[in-house]
Amino acid sequence: MTIESKQGKERLNKIKQAAMQRLWRLSVCDPSIMAHCPKAEKVGYALAGLCILVFIVVSIFSGIYLSALIFQSIPVAIVLGLGLALNILIVFQLALASVSSARLPHTAHFRYSWSSTVVRLIYLGFILLLVSKPLELCLLQHQIGRDLVQFRAKQAQLFKTQNLSFINKEIDKLQIDIQHLGRFIVQSQSQADSWGDSLKQELKPELALSSVETLVKVKKGKEIALQELKAQKALYIQKFRKANQESNHLIQRIKILHSNYPATWGITVLLGLFLFFPFAYRVINVNKHVYPVKCDSLDYNLVLRSYHNFKQVYARVFLHKFSKKVVFHEPYLDPPFNTLRKYDTRPTKGKEALIAWIVKEKGTP
């Protein structure tokens, strides 16, 4: 083997080791402890970290797409997408870190709470839906876009027939009034002409003409009101058309996704495997693997070392401040875990002896 090949192999091993360490950190494992664990555990926790990495990358993409749909701004979408992925990573790592074996000595009757696990699984399921649905919307955006064209057309028609029904009724009423007024005006003018030859009814033509002028003014007023209503209706339609075209219709997109493309649930299931595998792997093997045992041993030694340092500082404070040699009192056999209390070995004589002693003391002058 040449020197170049050895150097290349060493470089490859370093890269592989660095990648494994980063994957272990993603799965909330200490690389310095994991280095002394069996190979199967190293690979298993690295695979869990890889699943977390894949899910976080998908979370970034989904967060950016969802934010772009809502805010219509790429810079804002990038910031929110990265923030969403970071929050998901922190919450998920917290859920992993909270899985413990409780090997340290304790006084409580420990029983593994499955209710806590169920709550965490429900929350992880919510995260899964938050990540998977925007991804599915992005993958099927062209098909959903065609369905949205029909939806927008239907919404526009409903807006004209239902939402604008109040103004349509007013327009119809004004049009009917204008038609009636037009007929009354024609009839009034014909009567005025027929009365023009009668000398005994001199005032009737003037009255007829005055009523015709009134009807004409009323008709013009209604025609102006009709034109204003039509202009207002056209403005409403224009504003709705603009809002209808610019809206992302996010809720309707999800409805279309579920009703027309149910096969996309397969994407949710696939992402669920990446999300739940690290958590399930940790829960199942928390009492089986070497890594949790080593972690518990280090925690145990850390507690003892911290307690020993506390006792030294305690004695030093009394010695320096008050010039007294004081030793911290230990009421338990296994400090600082305090699961076994010391027994009182002093002899006792019972109730009769106590009564006799009280009587004796009372009788003493």
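Residues numbered from 1 in each chain as written. Predicted model: local features only at pLDDT ≥ 70, side-chain atom pairs only at ≥ 80, totals over all residues. Heavy atoms only, no water.

1. Description of the overall build of the chain
Looking only at helices and strands, the chain has 12 helices and 0 strands in total. For the chain, the sequential pattern of α-helices and β-strands runs α-α-α-α-α-α-α-α-α-α-α-α. Here the chain holds 365 residues, and 29% of them are scored as buried. Intrachain contacts of the chain at a sequence separation of at least 6 include 75% that bridge at least 24 residues. As presented, the chain carries roughly 25,000 Å² of accessible surface, and 63% of it is formed by carbon and sulfur atoms. (Helix = DSSP H or I, 4+ residues; strand = E, 2+ residues; numbered from the N terminus. Buried < 20%, exposed > 50% of the residue type's maximum accessible area, 1.4 Å probe, protein only. Contact = heavy atoms within 4.5 Å. Areas by Shrake-Rupley, 256 points an atom, 1.4 Å probe, with all protein chains shown as cover.)

2. Points about the pattern of salt bridges
Inspection of the entire model under this criterion finds 3 salt bridges. Between K222 and D177 there is a salt bridge, with its nearest N and O atoms 3.5 Å apart. Linking K222 in helix 8 (residues 203-246) with D177 in helix 7 (residues 165-195), this pair joins segments that are 45 residues apart in sequence. For E330, the salt bridge identified is with K311, shortest N-O distance 3.3 Å. Highlighted residues: E330 in the loop between helix 11 (290-322) and helix 12 (351-363) and K311 in helix 11, separated in sequence by 19 residues. (Salt bridge = Lys/Arg side-chain N within 4 Å of Asp/Glu carboxyl O.)

3. Describing the nonpolar core
Ranked by internal contacts, the top residues of the largest apolar core, which has 34 residues, are F55, F279 and Y291. Those elements that place two or more of their residues in this core are helix 1 (3-26), helix 2 (31-34), helix 3 (39-71), helix 4 (74-97), helix 5 (114-139), helix 10 (265-285) and helix 11. Counting residues in hydrophobic clusters, the runner-up holds 12 residues, among them L69, C138, I144 and L257. (Core = buried A, V, L, I, M, F, W, Y, C linked by side-chain atoms within 4.5 Å.)

4. Details of unusual backbone geometry
Trans is the prevailing form of peptide bonds, just as negative phi is the prevailing case for residues other than glycine. In this structure, the amide linkage connecting P335 to the following residue, P336, adopts the cis form with an omega of 0°. With respect to the helices and strands, the residue P336 is situated in the loop between helix 11 and helix 12. Not every positive phi belongs to a glycine, and V28 is a case in point at roughly 60°. Checked against the element boundaries, V28 lands in the loop between helix 1 and helix 2. Unlike most non-glycine residues, H249 shows phi in positive territory, near 50°. The residue H249 is located in the loop between helix 8 and helix 9 (250-260) in this model. Given a relative accessible area of 14%, H249 falls into the buried group.

5. Observations concerning the packing of aromatic side chains
For the structure shown, the criterion picks out 13 aromatic pairs. Their ring planes at 80° and their centres at 6.5 Å tell us that Y307 and F328 sit as a pair that is edge-to-face. Here the residue Y307 occupies a position in helix 11, and F328 occupies one in the loop between helix 11 and helix 12, the gap between them amounting to 21 residues. Its relative accessible area of 28% is what places F328 among the partly exposed residues. Judged by centre distance (5.3 Å) and plane angle (80°), the ring pair of F310 and F328 falls under edge-to-face. Residue F310 is found in helix 11, and its partner F328 is found in the loop between helix 11 and helix 12; the two are separated by 18 residues along the sequence. Over the ring of W265 we find K133; its NZ or CZ atom is 3.4 Å from the centre of that ring. (Phe/Tyr/Trp six-rings, centres within 6.5 Å; stacked < 30°, edge-to-face > 60°. Lys NZ or Arg CZ within 6 Å of the ring centre and 35° of its normal.)

6. Things to note about helix 9
An α-helical turn contains 3.6 residues, so any two residues separated by three or four positions project in the same direction. Considered for burial, the residues of helix 9 that qualify are L250, R253, I256 and L257. All buried residues of helix 9 lie within an arc of 120° about the axis, which places them on one face of the element. For helix 9, the exposed residues lying more than 90 degrees away from the buried face are I251 and S259. (Arc of directions from axis to C-beta.)

7. Here's the deal with the packing of helix 6 (residues 141-163) against helix 9
Two elements in contact, helix 6 and helix 9, have axes whose closest approach is 10 Å; the angle formed by their N-to-C orientations is 115°. Relative to helix 9, the element helix 6 lies roughly perpendicular. Where helix 6 crosses over helix 9, the two elements pack in a sense that is right-handed. Along the contact surface, helix 6 presents I144, D147, L148 and F151, while helix 9 presents Q252, R253, I256, L257 and N260. Here the residues of the contact of helix 6 with helix 9 sort into 5 nonpolar, 2 polar and 2 charged. (Axes fitted to C-alpha atoms, helices over the stretch in contact; angles between N-to-C directions. Parallel < 35°, antiparallel > 145°, perpendicular 65-115°, else oblique. Left-handed = near helix turned anticlockwise from the far one by under 90°. Nonpolar A, V, L, I, M, F, W, Y, C, P; charged D, E, K, R; others polar.)

8. Thoughts on the side chain of K133
Mapping K133 onto the fold places it in helix 5. Setting aside residues up to four positions removed in sequence, K133 forms contacts with L257, H258, W265 and T268.

9. Considerations on a nonpolar patch on the surface
Among the surface-exposed residues, L47, L50, L53 and V57 lie close enough to one another that they form a single nonpolar patch of about 320 Å² accessible area. Along the polypeptide, L53 turns up in helix 3. Looking at L53, the relative accessible area reads 37%, which means it is partly exposed. (Patch = residues over 30% accessible without salt bridge, like charges linked within 9 Å, V, L, I, M, F, W, Y side chains within 5 Å.)

10. Details of the environment of K288
Residue position: K288 is located in the loop between helix 10 and helix 11. Residues K288 and S101, spaced 187 residues apart in sequence, show a C-alpha to C-alpha distance of 9.7 Å.

11. Quick look at the confidence of the model for the chain
Looking at the chain as a whole, its pLDDT mean stands at 84, while 89% of the residues score no less than 70. Low pLDDT, under 50, characterises residues 197-209; the predicted model gives this stretch 9 contacts beyond four residues in sequence or across chains. (pLDDT = per-residue confidence, 0-100.)

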